[in-house]
Amino acid sequence: MGIKENCDIILEKIHAAEKRAGRAEGSVKLMAVSKFHPAEAVVEALEAGVTLFGENRVQEACGKFPDIFASHPEAELHLIGSLQRNKVKQILPLVSCIQSVDRLELIQEIAKQKDKLAESGIAVKEDKLRLLFEVHTGEESKSGFTDKDELIRALEFAASLKDKGIECAGFMTMAPFTDDTALIRSSFRKLSETAAEMRVRFPELPLAELSMGMSHDFEIAVEEGSTLVRVGTAIFGERVYA
Ligand SMILES: *Cc1c(COP(=O)(O)O)cnc(C)c1O
């Protein structure tokens, strides 16, 4: 099946899950995760109406997206994979959001490089940079904040960067890779609960985004309050790791 058909099926499933959960239709955004797929596949998804993309490796994103932006300015890219400090500088001009913020030192580097970029006059895709805080919610996943106090310190620091055009926009998680739907659901529920707690603690921050749900679990994620699902395989097919 083609990319367009896959997107249509996924959108239908998202709408059905929104309905089941008593949520308004259209409250969940669909991100197409294009890692390990060529630019042509991204363009096909754009032609099918998807505008939001996710990549998890800086190198690959930098190789692929400048040309895509040139021909399709409506495309928007988020980084969703773990980010090394020395790669921050490269990725900033391309993304509107970093979804994988998992430590305070990373935010410090992002702030520093964002300042430098503003001074340099290099063209960027978006002036504002949104940050999602990745939270560890499942046994198998290795990434994300595990300690609540560390998460709070990171939010406090990031909140102070508002005038630099850095916005604390919400939270992200990966559920454990398992067929046990109860485990998956409890992982998503943990993220919803953490988000609710942080919204009370930081009422001044626009922490509305909940990025959770992938190809095999996005319907559960929507039922548990996801506002953004990150779908790769179900749109583009299996990834070929060369
Ligand atoms: C690869 C990836 C996805 C998409 O996974 P699929 O199972 O192919 O839908 C989503 N989120 C993150 C962080 C990823 O690395």
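Every value quoted in this text rests on a predicted model; they were computed, and no experiment measured them.

## Comments concerning helix α2 (residues 39–47)
Right, so step 1: Within α2, the full set of buried residues consists of A41, V42, A45 and L46. Seen along its axis, α2 keeps its buried residues to an arc of 145°; they face one direction. Exposed positions of α2 whose direction lies more than 90 degrees from the buried face are E40 and E47.
Right, so step 2: Tucked into the core, α2 has its buried residues touching α1 (3–20), β2 (52–55), α3 (58–71) and α9 (233–236).

## So, the packing of α2 against α3
Right, so step 1: In the contact formed by α2 and α3, the axes pass within 10 Å of each other and the chain directions differ by 40°. Compared by their axis directions, α2 and α3 come out oblique. Considering the relative orientation of α2 and α3, their crossing is right-handed. Residues A39, V42 and L46 of α2 form the contact with α3, whose participating residues are K64, F65 and I68.
Right, so step 2: Of the residues belonging to the contact of α2 with α3, the class tally is 5 nonpolar, no polar and 1 charged.

## Things to note about the nonpolar core
Right, so step 1: Counting 68 residues, the largest nonpolar core has F53, L131, F133, L155 and F171 as its most contacted members.
Right, so step 2: Ignoring any residue separated from it by four or fewer positions in sequence, one finds L131 in contact with I98, V101, I107, I110, A158, I166, E167, C168, A169 and G170.

## Focus on the pairing of strand β6 (residues 166–172)
Right, so step 1: The buried count for β6 comes to 6 of 7 residues, which makes it a mostly enclosed element.
Right, so step 2: Here strand β5 (residues 129–134) pairs with β6 via 6 bridges, running parallel. Looking at β6, one finds that E134 is bridged to M172.
Right, so step 3: For β6 and strand β7 (residues 209–211), the ladder comprises 3 bridges, and the chain directions are parallel. Bridge pairing in β7 places M172 opposite S211.
Right, so step 4: Once the chain exits β6 it traverses helix α7 (residues 181–201) before rejoining the sheet at β7, and the crossover so formed is right-handed.

## Remarks on the layout of surface pockets
Right, so step 1: Quantified by volume, the largest pocket comes out at close to 660 Å³.
Right, so step 2: Lining the largest pocket are 26 residues; nearest its centre among them are K35, N56, M174, M214 and R239.
Right, so step 3: Of the residues contributing to the lining of the largest pocket, the split by class is 9 nonpolar, 10 polar and 7 charged.
Right, so step 4: Looking at the second largest pocket, its volume works out to about 200 Å³.
Right, so step 5: Forming the boundary of the second largest pocket are 13 residues, of which L11, K29, L30, G49 and V50 lie nearest the centre.
Right, so step 6: Contributing elements (two or more residues each) for the lining of the second largest pocket: α1 and β1 (29–33).
Right, so step 7: It is α1 that provides the largest number of residues to the lining of the second largest pocket, a total of 5 residues.
Right, so step 8: Of the residues that constitute the lining of the second largest pocket, the class distribution is 8 nonpolar, 3 polar and 2 charged.

## Structural notes on helix α5 (residues 104–120)
Right, so step 1: The terminal C-alpha atoms of α5 lie 25 Å apart, and with 17 residues this matches the ideal 24 Å at 1.5 Å per residue to within 8%.
Right, so step 2: Of all the positions in α5, only L106, I107, E109, I110, A111, Q113, K114 and L117 are classed as buried.
Right, so step 3: The secondary structure elements touched by the buried residues of α5 are α4 (88–91), β4 (97–101), β5, α6 (148–159) and β6.
Right, so step 4: Downstream of α5 by one or two residues, G121 has phi in the positive range, about 80°.

Cut-offs used in this document
Residues numbered from 1 in each chain as written. Predicted model: local features only at pLDDT ≥ 70, side-chain atom pairs only at ≥ 80, totals over all residues. Heavy atoms only, no water. Buried < 20%, exposed > 50% of the residue type's maximum accessible area, 1.4 Å probe, protein only. Helix = DSSP H or I, 4+ residues; strand = E, 2+ residues; numbered from the N terminus. Arc of directions from axis to C-beta. Contact = heavy atoms within 4.5 Å. Axes fitted to C-alpha atoms, helices over the stretch in contact; angles between N-to-C directions. Parallel < 35°, antiparallel > 145°, perpendicular 65-115°, else oblique. Left-handed = near helix turned anticlockwise from the far one by under 90°. Nonpolar A, V, L, I, M, F, W, Y, C, P; charged D, E, K, R; others polar. Core = buried A, V, L, I, M, F, W, Y, C linked by side-chain atoms within 4.5 Å. Pairing = 2+ DSSP bridges. Right-handed = clockwise from strand over helix to strand, strands pointing away. 1 Å grid on protein atoms, 1.4 Å probe; cavity = no way out; pocket = protein on both sides within 12 Å on 5 of 7 lines; lining within 4 Å. Points joined across faces, edges and corners; volume = space filled by probe spheres on them. Expected span 1.5 Å × (residues − 1).

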